[in-house]
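# Close look at the chain arrangement
Listed here are the chains, written in short residue letters.
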Amino acid sequence: MRVLVTGATGFAGGWLTDELRAAGHDVIAAPSSAELDIADREAVHGLVATHRPDAVAHLAAAASNPATVDDPGAAVRATVGGTIAVVDALVALHPPPALLVVSSAEVYGAPGESAGALTEAWPIAPRTAYGMLKAAQEAIARQAAARHAIRLALVRPFNHVGPRQRTDAAVPSFVARIAAIARGESDRLVVGNLDAERDIGDVRDVVVAYRLVLEAVAEGRLGGTEPVFNIATGHGTRLRWIVEELCRMAGVAPAVVTDSSLVRATDPPRIVGDATALTAATGWAPRIGLEQTLADMLAERMAAP
């Protein structure tokens with residue numbers, strides 16, 4: 001299958017291109033945002049028309065809530081404008097390629113501590129600008145699919161980490177700073193709320209889920225209505241455990257200092273997802289334990305110059 005991957009130069013996008021190629025697919029990696037404005041309809045039409053993919057994995061979007069807050073105009077353009085440009089380009093082909101849109105568990109908002117594991121039936125109630133943009137992205141894709149008979153699947157990944165990740169998220173930031181402590185560059189670790197509990201998977205497992213869903217929707221194995229799948233481990237992990245485990249692996253015992261400015265009162269105490277529907281549809285299950293993920297991330301950071 002010929003697959004076009006937007007956002008291919010990003011964290012998950014890079015892992016997905018590797019996963020698709022390993023599975024025998026012909027992958028077209030869309031250029032980076034420095035070379036291709038994903039919201040430029042003419043440019044995206046040209047890309048799709050040139051390569052005529054069988055399927056598109058659409059990952060290009062704002063990367064996180066901090067990125068959305070830092071530059072909301074760029075975030076709206078990439079996430080909403082980019083999705084509009086992609087679906088417009090697809091409907092110009094007959095038949096249009098299958099489409100996988102990577103949304104986010106951020107669309108669920110802030111469940112209470114007693115909410116349990118979130119299923120796809122949980123209300124869409126985003127609490128962040130990023131979550132709102134991902135909800136809008138889903139709506140655009142759904143409308144286009146219904147109007148133009150696009151084979152569409154939506155996935156909502158929960159937190160995922162792994163090698164090659166930038167340090168602007170909590171876990172890779174912990175990894176980088178604990179590696180620096182192990183090198184003797186510091187003796188303290190400044191943190192925010194370590195009691196938050198999150199569902200944290202390995203990016204290498206997450207992209208397997210992307211591939212399986214994309215293959216299934218392209219082959220017409222997911223039914224007539226557009227499917228939505230959570231990608232989650234089903235288990236919560238406290239950030240405190242992650243810090244302690246990384247320190248154990250690195251052989252360090254820094255002073256852990258809480259900075260009140262990094263503690264957000266609005267952060268939900270617990271967010272855990274339910275991927276039962278995904279497992280039933282594709283057989284997917286997470287394979288890489290969080291201990292292995294952290295070990296791989298720490299080894300990569302320690303080896304970096």
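Residues numbered from 1 in each chain as written. Predicted model: local features only at pLDDT ≥ 70, side-chain atom pairs only at ≥ 80, totals over all residues. Heavy atoms only, no water.

### Some remarks on the overall build of the protein
Spelled out, the test is: Segments assigned H or I by DSSP are reported as helices when at least four residues long, segments assigned E as strands when at least two residues long, and all are numbered from the N terminus. Just to be clear, the radius of gyration here is over C-alpha atoms, and the globule rule we use is 2.2 Å times residues to the power 0.38. The classification of residues rests on relative accessible area computed with a 1.4 Å probe and restricted to protein chains. Under 20% of the type maximum is buried, over 50% is exposed, and intermediate values are partly exposed. Any two residues whose heavy atoms approach within 4.5 Å at even a single point are treated as in contact. Exposure was quantified through the Shrake-Rupley algorithm and a 1.4 Å probe, taking into account, for residues, occlusion by the shown protein chains and nothing else. By the counting rule applied here, Lys and Arg register as positive and Asp and Glu as negative, while His and the ends of each chain are not counted. To locate a charge, take atom NZ for lysine, CZ for arginine, CG for aspartate or CD for glutamate.
The helix and strand inventory of the protein stands at ten helices and 13 strands. Expected size for 305 residues packed as a compact globule is a radius of gyration near 19 Å; at 19 Å, the protein falls within 12% of this value. Principal-axis analysis of the C-alpha atoms places the extent of the protein at approximately 60 × 45 × 40 Å. Burial analysis of the protein (305 residues in total) assigns 50% to the buried set. Sequence separation of at least 24 residues holds for 81% of the intrachain contacts in the protein that already meet a minimum separation of 6. Summed over all atoms, the accessible surface of the protein reaches about 13500 Å², with 52% contributed by carbon and sulfur. Across the protein, the centroid of the 27 positively charged side chains sits 2 Å from that of the 34 negatively charged ones.

### Description of the environment of Thr-50
The line we're drawing: A 3.5 Å cut-off defines polar contacts: any pair of N or O atoms within that distance qualifies, except that in protein one atom must be a possible hydrogen donor and the other a possible acceptor, and neighbouring residues in sequence count only when both atoms are side-chain atoms.
By secondary structure assignment, the location of Thr-50 is in helix H2 (residues 41-51). Among the polar contacts made by the side chain of Thr-50, one reaches the main-chain carbonyl oxygen of Gly-46 at a distance of 2.7 Å.

### Points about helix H1 (residues 11-22)
In plain terms, the rule: In this scheme, a helix's expected span is set at 1.5 Å multiplied by one less than its residue total.
The terminal C-alpha atoms of H1, which comprises twelve residues, lie 17 Å apart, in line with the 16 Å expected from a rise of 1.5 Å per residue. Where H1 is concerned, the buried positions are Ala-12, Gly-13, Gly-14, Trp-15, Leu-16, Thr-17, Glu-19 and Leu-20. Elements that come into contact with the buried residues of H1 comprise strand E1 (2-6), strand E2 (26-29), strand E3 (55-58), strand E6 (159-161) and helix H7 (203-218). Backbone geometry just after H1 places Gly-24 at a positive phi near 95°.

### Some details on the sheet that holds strand E5 (residues 152-157)
The condition is simple: We treat two strands as partners when DSSP finds at least two bridges between them. With axes taken as lines fitted to C-alpha atoms, and helix axes fitted only over the stretch in contact, angles between N-to-C directions fall between 0 and 180 degrees.
Here six strands make up an open sheet; going across it, the order is E2-E1-E3-E4-E5-E10 and the pairing parallel. Looking along the sheet, the strands with just one partner apiece sit at the ends: E2 and strand E10 (228-231). In this sheet, neighbouring strand axes are inclined to one another by 20° on average, regardless of whether the strands run parallel or antiparallel. Judged from the four bridges that link them, strand E4 (residues 98-102) and E5 form a sheet pairing that is parallel.

### Here we look at the nonpolar core
Where we set the bar: By nonpolar core is meant a set of buried Ala, Val, Leu, Ile, Met, Phe, Trp, Tyr and Cys residues that side-chain atoms within 4.5 Å join together.
The biggest cluster of nonpolar side chains holds 34 residues, and the ones touching the most others in it are Val-5, Leu-100 and Tyr-210. Of all the secondary structure elements, the ones that give two or more residues to this core are E1, H1, E3, E4, E5, H7 and E10. Top contributing element to this core by residue count: H7, with twelve residues. Once residues lying within four places of it in the same chain are set aside, the contact partners of Tyr-210 are Ala-12, Leu-16, Leu-59, Leu-100, Val-102, Val-155, Pro-157, His-160 and Ile-231. One finds Val-44, Ala-75, Leu-93 and Ala-141 within the second-largest nonpolar core, a separate group that totals 32 residues.

### Quick notes on the pattern of salt bridges
Note the threshold: The rule for a salt bridge is simple: a side-chain nitrogen of Lys or Arg has to be within 4 Å of a carboxyl oxygen of Asp or Glu.
Counting across every chain of the model gives 17 salt bridges. A salt bridge links Glu-19 to Arg-211; the shortest N-O distance between them is 2.6 Å. Of the two residues, Glu-19 sits in helix H1 while Arg-211 sits in helix H7, which places them 192 residues apart along the sequence. When the shortest N-O distance is used, the salt bridge between Arg-142 and Glu-138 registers 3.3 Å. With Arg-142 and Glu-138 both in helix H5 (residues 129-148), this residue pair falls four residues apart, about one helical turn.

### Considering the environment of Val-161
Summarising the element assignment, Val-161 is placed in strand E6. In this structure, the C-alpha to C-alpha distance between Val-161 and Gly-234, residues 73 residues apart in sequence, is 15 Å. Non-local contacts of Val-161, meaning those with residues more than four positions away in its chain, are made with Phe-11, Val-171, Pro-172, Ile-200, Gly-201, Asp-202, Val-203, Thr-293 and Met-297.

### Digging into helix H6 (residues 170-182)
Taking 1.5 Å per residue as the helical rise, H6 with its 13 residues ought to reach 18 Å, and the 18 Å between its terminal C-alpha atoms agrees with that figure. Among the 13 residues that make up H6, ten are buried, leaving the element largely enclosed by the rest of the structure. Every buried residue belonging to H6 is among Val-171, Pro-172, Ser-173, Phe-174, Val-175, Ala-176, Ile-178, Ala-179, Ala-180 and Ile-181, and all of these are buried. Those residues of H6 hidden inside the fold are in contact with E6, strand E7 (188-191), strand E9 (200-202), helix H8 (239-250) and helix H10 (290-303). At the exit of H6 stands Gly-184, carrying a positive phi of roughly 85°.

### Let's talk about the pairing of E1
Just so we agree on the cut-off: Seen with the strands pointing away from the viewer, any crossover whose path from the first strand over the helix to the second strand runs clockwise is right-handed.
Most of E1 sits out of view: four of its five residues are buried. Of the strand pairs in this sheet, E1 and E2 are connected by four bridges, and their pairing is parallel. Residue pairing for E2: Val-5 is matched across the bridge by Ala-29. Once you follow E1 into H1 and on to E2, the crossover reads as right-handed. Across four bridges, E1 lies against E3 in parallel orientation. Note that in E3 the partner of Leu-4 across the bridge is Val-56.

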